[in-house]
Amino acid sequence: MKSYDPGKIDNKWQKEWKKKRIHEALDSATTLKKTKPNFYMLVEFPYPSGDLHVGHWYAFAVPDIFVRMKRMQGYNLLFPIGFDSFGLPAENAAIQNKVDPSKWTWKNIERMRKQLCSMGATFDWSREVVTCDPEYYRWTQWLFLEFYKRGLAYRGNALVNWDPIDKTVLANEQVLPDGTAERSGARVEKKELEQWFVKITDYADRLSFDLESLDWPHSIKEAQKNWIGKSDGAEISFQVSSVSLQKEIKSKNLKLKAESRQLTSVKVFTTRPDTIFGATYLVISPEHKLLENNELGITNYEEVKGYIQKAKLKTEIERTSEGKEKTGVFLKGVSATNPATGNKIPVWVADYVLPLYGTGAIMAVPADDKRDEEFAKKYKLPVIKNYKSAGFTDFGKKTTTYKLRDWLISRQRYWGVPIPIVYDPDGKPHPIPPKHLPWILPTDVDFNPTGVAPLAKSKELLKRTEKIFGKGWKPEIDTMDTFVDSSWYFLRYLDSKNKKEFSSIKKQKLWMPVDRYSGGSEHTNMHLLYSRFFYKALYDLGLVTEKEPYRVRLNRGIILAEDGRKMSKRWKNVVNPDEQVKKVGTDAVRTYLAFIGPYNEVGSYPWSTNGLIGVRRFLERVWKLQEKISENANETKKEIEYLIHKTTKKVTDDVESMKFNTAVSALMILTNELTKEVSVSKENYEILLKLLTPFAPHISEEIWHTLGNKNFITMEKWPEYDKEKTKSENTTFVVQINGKTRATFAAQTSIEEKVALELAKELEEIKKWLAGKKVKKTIFVSGRLINIISD
RNA sequence: GGGACAGUGGCGGAACUGGUAUACGCGCACGACUUAAAAUCGUGUCUCGAAAGAGAUGAGGGUUCGAUUCCCUCUUGUCCCACCA
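Definitions and limits used
- Residues numbered from 1 in each chain as written.
- Chains lettered and ligands numbered in written order.
- Predicted model: local features only at pLDDT ≥ 70, side-chain atom pairs only at ≥ 80, totals over all residues.
- Heavy atoms only, no water.
- UniProt positions renumbered as here; feature names shortened; annotations may be inferred.
- Helix = DSSP H or I, 4+ residues; strand = E, 2+ residues; numbered from the N terminus.
- Buried < 20%, exposed > 50% of the residue type's maximum accessible area, 1.4 Å probe, protein only.
- Lys, Arg positive; Asp, Glu negative; His and termini not counted.
- Salt bridge = Lys/Arg side-chain N within 4 Å of Asp/Glu carboxyl O.
- Polar contact = N/O pair within 3.5 Å; in protein donor to acceptor, adjacent residues only side chain to side chain.
- Contact = heavy atoms within 4.5 Å.
- Near = heavy atom within 4 Å.
- Nonpolar A, V, L, I, M, F, W, Y, C, P; charged D, E, K, R; others polar.
- Pairing = 2+ DSSP bridges.
- Expected span 1.5 Å × (residues − 1).
- Arc of directions from axis to C-beta.
- Phe/Tyr/Trp six-rings, centres within 6.5 Å; stacked < 30°, edge-to-face > 60°.
- Lys NZ or Arg CZ within 6 Å of the ring centre and 35° of its normal.
- Axes fitted to C-alpha atoms, helices over the stretch in contact; angles between N-to-C directions.
- Parallel < 35°, antiparallel > 145°, perpendicular 65-115°, else oblique.
- Left-handed = near helix turned anticlockwise from the far one by under 90°.

- Identification of chain A as Leucine--tRNA ligase is taken from an unreviewed UniProt entry.
- Quoted verbatim from the Sequence similarities (unreviewed entry) field of the UniProt record, the comment on chain A reads "Belongs to the class-I aminoacyl-tRNA synthetase family."
- Of chain A, the UniProt comment under Subcellular location (unreviewed entry) reads exactly: "Cytoplasm".

Here you go:
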């Protein structure tokens, strides 16, 4: 027998599989006379950073185990791959090394394609999607224009997050809680700019509500719900006026109504309108319209203006992370009327009230709200402890607010999809007609960030614009957030070559929704939310067929370095998968990653070289089992038959639920047991090989062919099990006395309570324990245990 | 401050619907083979105890014949959100 040499067999089988194109999904649902059910397995496509790391293996090679089993089970399986190839790293490389971002990116893609193939993963390369390819981004632009037509994409002035290092604006999701940019680490500033937005807030309610129907892990749903932040409450108007005016009205004995135009009102949002009788003051945010000029007659307006200035200088982060200490200024000469009590209450301005949430103003109920209590204590404001409870809508209109804000998609950067908009000589935006798509990204630019988008310097782009639209017209110079590109890529996989449509309904009907989607937990409130929104918007436009894009979502964990820390070049603890493959082979690396921990949970698992070697040893044992094949081993032992069926069930169930670690464990147990036997039947050995194939396809394929088989084991039918035979005929019963295990005995699994009790009583240990005692009652669990209760 | 998830050997982790806690792998110890080492194979490996036995799944309580599993209180950790009215 040859020895196991993965260096020789891995490459050989990868080539064979590729030659026969076994990984390509068929769009016709019927194949081989029989109807094969379609199954769409999606993994988040990679950014082409240049080198494959262990994280990539974990993200792609492990789901391939699931894919391979499904395919063997007879599914027409779609497992596509592509590259999320726009984005900052390419541009930064361009600045640093003076290389063209396009060349840099395509070179990396070329390299990563090869590396991805080395995993033995069965991607359908025929549908590859590359987001920086004009044939892809023409549709990103087309979809943007569809959104624009329906008012879902709009230009607006906004106080935005500005990254001073990358010199670009960022979405809220890309700013970390400490106020630094997720990517560059820069301290984010606030800037008022005109930007392109997408109206995700229109879908806040549906994005939140529809989560209920999804078969997703609870934690992901909760995280999204939290981020969307729906709260039901009421809007209540408080009349506000200057104290002197009120006095005047009183002295002249005028009716309030007559002077109402001189009164103004402030709307507050509250989730507890029932507490209005306890509202003792009003607080408005420094950005509130009421403070823009002094029509009200605030007597300390200068002081208030000073406070507003100070608040504006702070970034949002500073404002909200300054600890617990709240600050505010009393608006002198002004008061509001509590509509419930009719009492005059003071009005304050304080920056703990946020301008963009609710109405930017609150009624304070210090007896009931911690923040209000704190503020009232500091500034000695009145507190009403025992107040009357009001009906929910007695004084206000029912409303719902959300924390979610519209998605800012403009980026003042080069390497992204050009926004397909041009401006007329008056500066008014116009969509670029679809016949001019793809609206190509120009190349005559300066990549160095200057604060103005690089496209501003392109003469070609300006010339192109003027040629098509006329003199004085100007192109949009911002590009789109790359999350726009990735919001619909899973639809392009279905129809990647279509020149007329972004994705035909006919193809979508074959595959959507995605049956299973595996990715990183960091995307919970970014990509996963964006793409759900995109899909819902497309649904309303009649461009897709379902309400939700992903039926099942799973977030995977991460692989840490051997020292338990994150892998980093700085720590010099990075595990290079190519080196590992050289050492132990593709199959051992794949199987080890499957074995490292449960894949369906977000854990962090440290790499262990010894663990990897242990898995290689396991594969060696499988290999050596060839020696034990014997024609005479046909008289299969009952225990072995039982173990085969039990293992088949275990592996099938565990791979289905992506608990690959316990599936590998079951395969190890089976292998260990077979190794103990004098001889092994070819039939049983082949079942083991088939079960092993998804994990370790190369070694399985090699042995399979050595055994004389001509077809690919990869395309063989997945072993089936007989449910009856997964239960052993004999079982070890546990005998407990008063709930404590005292002995065990072996008997037929099917025995009844009476028999079990008799057998238990015969045992020496039990006799000892029961000597001189009365049996009060027994509890019997069929096929498991008998518990004897005595005094 | 809010939310979600989790806490099991020296380590990664198992445990069906409440039914022998620690499967499988690593590590470690001893043994076989070897001049020797590596590799391989075998045996052992939660703690205390000579044994009988007792005690252990973050801590404490509860329900139950029986709890890693269900309930309550506390505690620690990870992740997400965070002055969201």
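## Things to note about the UniProt feature "binding site: ATP" (unreviewed entry) in chain A
No. 1: Here the UniProt feature "binding site: ATP" (unreviewed entry) sits at Lys569.
No. 2: Looking at the secondary structure, you find Lys569 in the loop between strand E25 (558-560) and helix H17 (577-584).
No. 3: Residue class for Lys569 comes out exposed when judged on its relative accessible area of 77%.

## A look at the side chain of Asp587
No. 1: Looking at the secondary structure, you find Asp587 in helix H18 (residues 586-595).
No. 2: Among buried Asp, Glu, Lys and Arg side chains, Asp587 stands out as unpaired, with Arg590 the closest opposite charge at 4.8 Å.
No. 3: A distance of 2.7 Å separates a polar atom in the side chain of Asp587 from a polar atom in the side chain of His698.
No. 4: For Asp587, the side chain forms a polar contact with the main-chain nitrogen of Ile699, separated by 2.7 Å.
No. 5: When neighbours within four sequence positions are excluded, Asp587 is seen to be in contact with Tyr4, Asp10, Leu619, Phe695, Ala696, Pro697, His698 and Ile699.

## Some words on the protein's contact with RNA strand B
No. 1: Lining the immediate environment of RNA strand B, one finds 49 residues, of which Thr271, Tyr357, Arg371, Arg784 and Asn787 sit closest.
No. 2: By atom count, sugar and phosphate contribute 65% of the portion of RNA strand B lying within 4 Å of the protein.
No. 3: Within the side chain of Lys403, an N or O atom sits 3.3 Å from a sugar or linking oxygen of RNA strand B.
No. 4: A distance of 3.1 Å is found between a phosphate oxygen of RNA strand B and a side-chain nitrogen or oxygen belonging to Asn672.
No. 5: In terms of residue count, the dominant contributor to the surface near RNA strand B is helix H21 (residues 660-676) (six residues).
No. 6: A breakdown of the residues in the surface near RNA strand B according to their chemical character gives 18 nonpolar, 20 polar and 11 charged.

## With respect to the sheet that holds strand E8 (residues 168-170)
No. 1: Ordered by their spatial adjacency, four strands build an open sheet running E8-E7-E9-E17, and the pairing between neighbours is antiparallel. Each edge of the open sheet carries a strand with a single partner, namely E8 and strand E17 (407-408).
No. 2: In the sheet, strand E7 (residues 153-163) pairs with strand E9 (residues 189-198) via 10 bridges, with the strands oriented antiparallel. From the neighbouring strand, Asn161 faces E9, where its bridge partner is Lys190.

## Side note on helix H9 (residues 301-313)
No. 1: End to end, H9 covers 18 Å across 13 residues, agreeing with the expected 18 Å (1.5 Å per residue, within 8%).
No. 2: Three or more residues of H9 are buried, namely Tyr301, Val304, Tyr307, Ile308 and Ala311. One side of H9 carries all its buried residues, which in axial view fall inside an arc of 120 degrees. With respect to the buried face of H9, the exposed residues turned more than 90 degrees away are Glu302, Lys310 and Leu313.

## Section: the pattern of salt bridges
No. 1: Summed over all chains, the structure comprises 52 salt bridges.
No. 2: Here Arg565 and Asp563 are joined by a salt bridge, their closest N and O atoms 3.1 Å apart.
No. 3: We classify Arg565 as partly exposed; its relative accessible area is 35%.
No. 4: The exposure class assigned to Asp563 is partly exposed, which follows from its relative accessible area of 40%.
No. 5: Through salt bridges with shared partners, a single network forms among Asp27, Asp124, Arg127, Asp495 and Lys507.

## Overview of the packing of aromatic side chains
No. 1: The full count for this structure, using the stated rule, is 49 aromatic pairs.
No. 2: Arranged with centres 4.5 Å apart and planes meeting at 45 degrees, the rings of Tyr517 and Tyr550 form a pair that is tilted. Taken together, the positions of Tyr517 in strand E23 (residues 516-520) and Tyr550 in the loop between helix H16 (527-540) and strand E24 (553-556) put the pair 33 residues apart, joining distant regions of the chain.
No. 3: A residue is classified by how much of its surface remains accessible, and Tyr517, at 0% relative accessible area, is buried.
No. 4: The exposure class of Tyr550 is buried, given its relative accessible area of 0%.
No. 5: Here Phe733 and Phe780 contribute two aromatic rings whose centre-to-centre distance is 6.4 Å and whose plane-to-plane angle is 10 degrees, an arrangement assigned as stacked. With Phe733 in strand E27 (residues 730-737) and Phe780 in strand E29 (residues 775-781), this residue pair connects regions lying 47 residues apart in the sequence.
No. 6: According to the relative accessible area criterion, Phe733 is buried, its value standing at 0%.
No. 7: Put simply, the rings of Phe45, Tyr489, Phe490, Tyr493, Tyr517, Tyr535 and Tyr550 pair up and form one aromatic cluster.
No. 8: Sitting over the face of the ring of Trp17, Arg68 holds its NZ or CZ atom 4.6 Å from the ring centroid.
No. 9: One cation-aromatic arrangement involves Arg565 over Trp571; the distance from NZ or CZ to the ring centre is 4.0 Å.

## Remarks on the packing of helix H2 (residues 54-72) against helix H20 (residues 638-656)
No. 1: One can describe the packing of H2 onto H20 by two numbers: an axis separation of 9 Å at closest approach and a directional angle of 120 degrees. When the axis of H2 is compared with that of H20, the two are oblique. The way H2 lies across H20 gives a crossing that is left-handed. Side by side, H2 and H20 meet where Ile65, Phe66, Met69 and Lys70 of the first sit next to Val651, Thr652, Val655 and Glu656 of the second.
No. 2: Here the residues of the contact of H2 with H20 sort into five nonpolar, one polar and two charged.

## Some thoughts on the pairing of E7
No. 1: With three bridges connecting them, E7 and E8 associate as antiparallel partners. Paired with Asp163 across the two strands is Thr168, which belongs to E8.
No. 2: Count of turn residues in the E7/E8 antiparallel hairpin: four residues, of which Lys167 carries a positive phi of about 50 degrees.

## Here we look at the side chain of Asn76
No. 1: Along the polypeptide, Asn76 turns up in strand E4 (residues 76-78).
No. 2: Residue Asn76 is classed as buried on the basis of its relative accessible area, which comes to 4%.
No. 3: In this structure the side chain of Asn76 is engaged in a polar contact, spanning 2.6 Å, whose partner is the backbone oxygen of Leu26.
No. 4: Those residues in contact with Asn76 that sit more than four places away from it in its chain are Ala25, Leu26, Ser28, Lys36, Pro37, Asn38, Phe39 and Trp511.

## Some details on unusual backbone geometry
Across the chain, the bulk of peptide bonds are trans and the bulk of non-glycine residues have phi less than zero.
No. 1: A cis geometry characterises the amide bond from Leu437 onward to Pro438, with omega recorded as -5 degrees.
No. 2: With respect to the secondary-structure elements, Pro438 resides in the loop between strand E20 (429-431) and helix H12 (459-469).
No. 3: Cis geometry is adopted by the peptide bond preceding Pro513, which originates at Met512 and carries an omega value of -5 degrees.
No. 4: Unlike most non-glycine residues, Lys98 shows phi in positive territory, near 55 degrees.
No. 5: Position of Lys98 among the secondary structure elements: in the loop between helix H3 (88-97) and helix H4 (101-117).
No. 6: Phi angles above zero are rare outside glycine, and Lys572 is one such case at about 55 degrees.
No. 7: Examined against the element boundaries, Lys572 turns out to sit in the loop between E25 and H17.

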